[in-house]
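Summary of the model geometry
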Amino acid sequence: MIKFTGEHLLIGQIGNFITILTFCSSLLAAFAFYRSASSNDILEERPWAKLGRVSFIISAVAVVALFVTLYILIYNHYFEYKYAHQHSKRSLDVQYLLSCFWEGQEGSFMLWSFWNAMLGLMLLKVEKKFTSPVMFTMSLVQLFLASFLLGIYLFDLRIGTNPFVLMRNEFPDAPIFQDPNYLAKYLTDGNGLNILLQNYWMVIHPPILFLGFASSVVPYAFAVAGFWKKDLVGWVRSCMPWSLFSAGILGLGIMMGAAWAYESLTFGGYWAWDPVENASMVPWLILIAGIHTMLIFQHTGRSLKASYFFIITSFILVLYSTFLTRTGVLGDTSVHSFTGEGSTLYWHLIAMILTFIAIPVILYIKHQRQIIVNHQEESMNSREFWMFVGSLLLLISAVYIIVLTSLPFFNKLFGTKWAIGEDVEYVYNRIMVMVAMILGMLTAITQYFKYKDTTRKYIWSKLAIPTAISIVLSILISVFGEVSYDKFGTGFLLAIHLAIWTAVYTIISNAMYLITVLKGKMKAAGSSIAHVGFGMMLFGILISSSKKELISENNTGIGVPGLKDAKGREENPLENVTLIYNVPTPMGKYTVTYLGDSTELKNNKVYFKINFAKADSSDPSSVEEFEVNPNAFLIKSPEGNQLSSNPGSKHYISNDVFVYITSWLNPDNIKDTASFRNTPIAAGDTIYYSNGFVIVNKILTANKYDNTDLPLVDSAWLSELTVVSKEGRTAQVSPAYFVKDGQGSFKTDTVMQQNLVLGIQRAKSGRVELALKESSAVMRYITLKAYRFPWINLLWLGTIIMVSGFMVSLYQRLKSKLYVV
Amino acid sequence: MKKMHILGLVLIAVVIASLLTFMSDLTTYDSIESARTKEGKFVHMIAKIDTTKPVIYDPIKDPNLLTFTAIDSLGFSTKVVYKNAKPTDFEKSTRVVLKGAMVGEVFECKEILLKCPSKYKDDPNAQKNQLKVVSEIPKLNAQP
């Protein structure tokens, strides 16, 4: 048995203890709340509830302690622990240590369980009526989440993965663990954080998104509690504020992910219909549908079954999306490559999903007769009718998205090999533009209907003005807005124009509803605010996507005059343009120049300086000019250095210019094979090179005895040369040669466009020689892509407004007792 | 029949119609050999980069032209043309999904999805290999 040195074993043992404590206390809490909720006798119910409460509080405290313990491992760089070794690194900035935390499977489950614990404590404090059954669900979720962190073996099956495992226990065969001093010798640094994740959005986006995911269980818990306590009506009222909270936070989390993709990843946009994005959006769509059907139920007593269905499905879909993204079933389809933990996590998550489907299904079968169904037909002139239509539409879009996203999973199940065809985004967009169109329309008109019935006269009197304004506005946009995205034909373009109209309609009519009907009163304003925000989001998405413009359009291979075109190009413009150092290159309406780069040594990040200039055609003297600084991490690897690029952008109110580097010739990487050719020279000489000639204008000789301006060297030979290329371009260069203490040194000069390096040298004979080298290695260049996204800010502003709308509604519901059925 | 029922039927019809149009857009995962038999058809080809053959990307000549050779586990290989910049970590990838179609002898690729070992941080085999490399360093240093 080897005695290892330098390890910090105590903290891991504490971690393991807390993991088991979390599991056991959640188990006890779940059991106690189950007994309490099942009992009808108050004398029996109370003590169980009390036990459950204590157990849950213990498990919540344990989760926080777990969080702290793992953070200590990461913060102190205890690389003997696998989690720290895999996800952290010494050179990482402190703010990214948190990102390391949720980069891994275990850390993100821990984050989820942290939020679940916090929400549970909130519920213990505020919920009076459904405490036990709701807390049963919360404890059960807590139990499942804790089980993902157990890492214990049940026969040959490992349940969960423990974040406190040691490297040497995980890889006992590795030879380094023969050395008792392995830690100080070999495991001196960790693998570090995936470079794509080193971004401030990665610090803030996961906690918000996970709060969204975690909070989606609360509405579910209330739905279950409603069945359980045979209070099929009362749960809706308690459920509503939590649903609003969850929808607001989840929406915010998703859009933060979009902002992250937009700002840091090189997807070329904020939304790529990537499976991971889809999987988080689908539960949100269903939750929104659920909120609307619950509103219908509260006001009319209809749609109770639909409310149950939506609220329960929303949480199941959160679990399903976890399943899709964590188990590796998405495999080849996602740019996010989440790894599978193998078959254990697969079945573990399936078990969790089945459990949470089984609970409401069993309760439903037991209690379905008690559900009130209103068989009377609703009026077409009622608000509930159109709200229900909208909810169904949300359901349809959710089904469409999740079916397409699940394709790899279906392949796995049925052994098929299907994949989404040529243009993934269009496959989604052509359906979603229709959904946006109809949803926009419904969102615009529905608030003007009253519940149960409305007279047509009333509707028309209220709707006439917003309808007229929106039609005029959108005609103006269609005529002058230059929305001409015809890649997929006229039909799709027409749909875009119609959807733009309904988005405008939504904004105008909800804003006017707020003013003319609600008279600015905040009591019921939340929904109108959220709808205005939603309209703005739709508008921002439609405009920024359909008017997205490729600036770096390249039809000629390379955009530099004088270099020959690449041969035979097809219809699609190519997206990359190469910029040579200091050579202004036309690109779209701009003239773009690569002005240089600088490397931040600490983490090998290279910043590029790129200048954009646009001359105003009407007034040549005024030039719009700005600098963009995209950056890239330089990853050193045996196969040669690689770039991991982050875009740089120039933000205007009305549009963003967005640039990222796709290729960079790192000077360190070049093997310069060309050599200098020496020619004796005197002033007035002309020396030829392959593409022109060099005129020697002047040669100056100086030494420190007769020239006091030379304090640093003993003697110097300076030259002034003119390089004239075949195309007639000239360049002035002044290479020099210095001698100090008998040692000679060059100061070479380069002519970038001519691939020319020039130096002078003093030959043994005492004559001055020109050293000339023609080498492609002097060519400094970058290849980049540039896009413009117009009105993208409307999307972000819309998101903020929509989330505020949710929060206003939430606040009003918590404050007033008005929403009693 | 009630309005709701009619509405329901209409919506179901819409779902079926949209899924049907989607079906027509479906393609398949293919090997190099089966992609050859479907010349001109858009497929997803699973392969890896043949590192023994040259990977050509010269942004000075053309920043939108990458050519390389792909090889699959069955031993078939094909030349691939990708009219875009060379993706990051291209040489490091252990597996690629190439989306495109065979045109003559050449696979014209529209999109490349890379599967890189660095992204599979939790892959125990990758981890093990890495530890082996680490453990070999002192031996090398020990030699004079």
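Note that the coordinates shown come from a computational prediction; the quantities given were computed from them, not determined experimentally.

Right, let's talk about the overall build of chain B for a bit. If you tally the helices and strands in chain B, you get three helices and seven strands. A buried classification covers 28% of the 144 residues belonging to chain B. Excluding contacts between residues fewer than 6 apart, the proportion of contacts in chain B whose partners are at least 24 apart in sequence is 47%.

Right, let's get into the overall build of chain A. Check the secondary structure of chain A and you find 21 helices and 24 strands. If you line up chain A on its principal axes, its C-alpha atoms span 115 × 85 × 55 Å. Looking at chain A residue by residue over its 821 residues, the buried ones come to 46%.

Residue and element names in this part refer to chain A. Its 23 residues place the ends of helix α13 (residues 304–326) 33 Å apart at the C-alpha level, agreeing with the 33 Å of an ideal helix rising 1.5 Å per residue. Burial runs high along α13: 19 of the 23 residues are buried. Where α13 terminates, the next one or two residues include Gly 328, which has phi positive at roughly 80°.

Residue and element names in this part refer to chain A. Burial runs high along strand β13 (residues 655–664): nine of the ten residues are buried. Linking two consecutive strands that pair antiparallel, namely strand β12 (residues 648–651) and β13, is a turn of three residues. Two strands pair when backbone bridges link them, and β13 and strand β24 (residues 781–790) are joined in this way by nine bridges, in the antiparallel orientation. The residue bridging Ile 661 from the neighbouring strand is Leu 784, located in β24.

Next up on the list: the sheet that holds strand β23 (residues 768–774) of chain A. Residue and element names in this part refer to chain A. Spatially, the four strands line up as an open sheet ordered β14-β23-β22-β21, and their pairing is antiparallel. Of all the strands in the sheet, just β14 (677–680) and β21 (749–751) have a single pairing partner and so form its edges. Sheet twist, expressed as the mean angle between neighbouring strand axes with direction ignored, is 25°. Note: β14 against β23, four bridges, orientation antiparallel. Along β23, the bridge assignment pairs Thr 679 with Leu 770.

Residues and elements named next belong to chain A. Phe 222 and Phe 539 are the most contacted members of the largest nonpolar core, which has 209 residues in total. Considering each element in turn, this core owes the most residues, 17 residues, to helix α11 (residues 234–264). Once you skip the residues sitting within four places of it in the chain, Phe 539 turns out to touch Ile 500, Ala 503, Val 504, Ile 507 and Leu 794.

Right, let's get into the confidence of the model for chain B. All names here are of chain B. When the pLDDT values of chain B are averaged, the result is 75; 79% of them are 70 or greater. This stretch, residues 118–144, has a pLDDT under 50; its non-local contacts, to residues over four places away or in other chains, come to 27 contacts. For this predicted complex, the interface confidence reaches an ipTM of 0.74, while the overall pTM sits at 0.83.

Moving on, we get to unusual backbone geometry. Residues and elements named next belong to chain A. Even without being a glycine, Lys 452 presents a positive backbone phi close to 70°. With respect to the element layout, Lys 452 can be found in the loop between α17 (424–445) and α18 (456–480). Unusually for a residue other than glycine, Glu 482 sits at a positive phi of about 55°. Within the secondary structure, Glu 482 sits in the loop between α18 and α19 (489–517).

Attention now goes to the pairing of strand β18 (residues 730–733) of chain A. All names here are of chain A. Where strand β17 (residues 715–725) meets β18, four bridges bridge the pair, whose relative direction is antiparallel. Looking at the pairing, Leu 721 lines up with Val 733 of β18. Hairpin remark: β17 followed by β18, antiparallel, with four residues in the connecting loop; positive phi at Gly 728, about 95°.

Of note, Ile 515 of chain A is situated in helix α19. With ten residues separating them along the chain, Ile 515 of chain A and Ala 525 of chain A place their C-alpha atoms 9.7 Å apart.

Below, the discussion takes up the packing of helix α1 (residues 9–38) of chain A against helix α6 (residues 131–147) of chain A. Residue and element names in this part refer to chain A. Their axes nearest at 8 Å, the elements α1 and α6 cross at an angle of 155°. By the criterion of interaxial angle, the relationship of α1 to α6 is roughly antiparallel. Seen from above, α1 lies across α6 with left-handed handedness. Across from Thr 22, Phe 23, Ser 26, Leu 27, Ala 29, Ala 30, Phe 33, Tyr 34, Ser 36 and Ala 37 in α1, the residues of α6 making contact are Ser 132, Pro 133, Met 135, Phe 136, Ser 139, Leu 140, Gln 142, Leu 143, Ala 146 and Ser 147.

Here the focus is the packing of α19 of chain A against helix α20 (residues 525–546) of chain A. Residue and element names in this part refer to chain A. The contact between α19 and α20 brings their axes to 8 Å, and the two run at 155°. As the angle between them shows, α19 and α20 are arranged roughly antiparallel. Remark: the crossing between α19 and α20 carries left-handed chirality. For the pair formed by α19 and α20, the contact residues are Ile 496, Ala 499, Ile 500, Ala 503, Val 504, Thr 506, Ile 507, Asn 510, Ala 511, Tyr 513 and Leu 514 on the first element and Ala 525, Ser 528, His 531, Val 532, Phe 534, Gly 535, Met 536, Leu 538, Phe 539, Leu 542 and Ser 546 on the second.

So, about the environment of Phe 171 of chain A. All names here are of chain A. Structurally, Phe 171 can be placed in the loop between α7 (167–170) and α8 (182–185). Residue Phe 171 is classed as partly exposed on the basis of its 18 C-beta neighbours within 10 Å. Here the alpha-carbon distance between Phe 171 and Ile 14, two residues 157 residues apart in the chain, equals 22 Å.

Residues and elements named next belong to chain A. Among the structural elements, Ile 500 can be located in helix α19. For Ile 500, a count of 24 C-beta atoms within 10 Å corresponds to the buried category. Apart from residues lying up to four places away in sequence, Ile 500 is in contact with Ser 474, Ile 477, Val 483, Phe 539 and Leu 542.

Turning next to the confidence of the model for chain A. Summarising the model, chain A shows a mean pLDDT of 85, and 91% of its residues fall at 70 or more. Confidence over residues 557–571 of chain A falls short of pLDDT 50; this stretch has 22 contacts with residues more than four positions distant or in other chains.

Parameters and conventions
Residues numbered from 1 in each chain as written. Chains lettered and ligands numbered in written order. Predicted model: local features only at pLDDT ≥ 70, side-chain atom pairs only at ≥ 80, totals over all residues. Helix = DSSP H or I, 4+ residues; strand = E, 2+ residues; numbered from the N terminus. Buried ≥ 20, exposed ≤ 12 C-beta atoms within 10 Å, placed from the backbone. Contact = placed C-beta atoms within 7 Å. Expected span 1.5 Å × (residues − 1). Pairing = 2+ DSSP bridges. Axes fitted to C-alpha atoms, helices over the stretch in contact; angles between N-to-C directions. Core = buried A, V, L, I, M, F, W, Y, C linked by C-beta atoms within 7 Å. pLDDT = per-residue confidence, 0-100. Parallel < 35°, antiparallel > 145°, perpendicular 65-115°, else oblique. Left-handed = near helix turned anticlockwise from the far one by under 90°.

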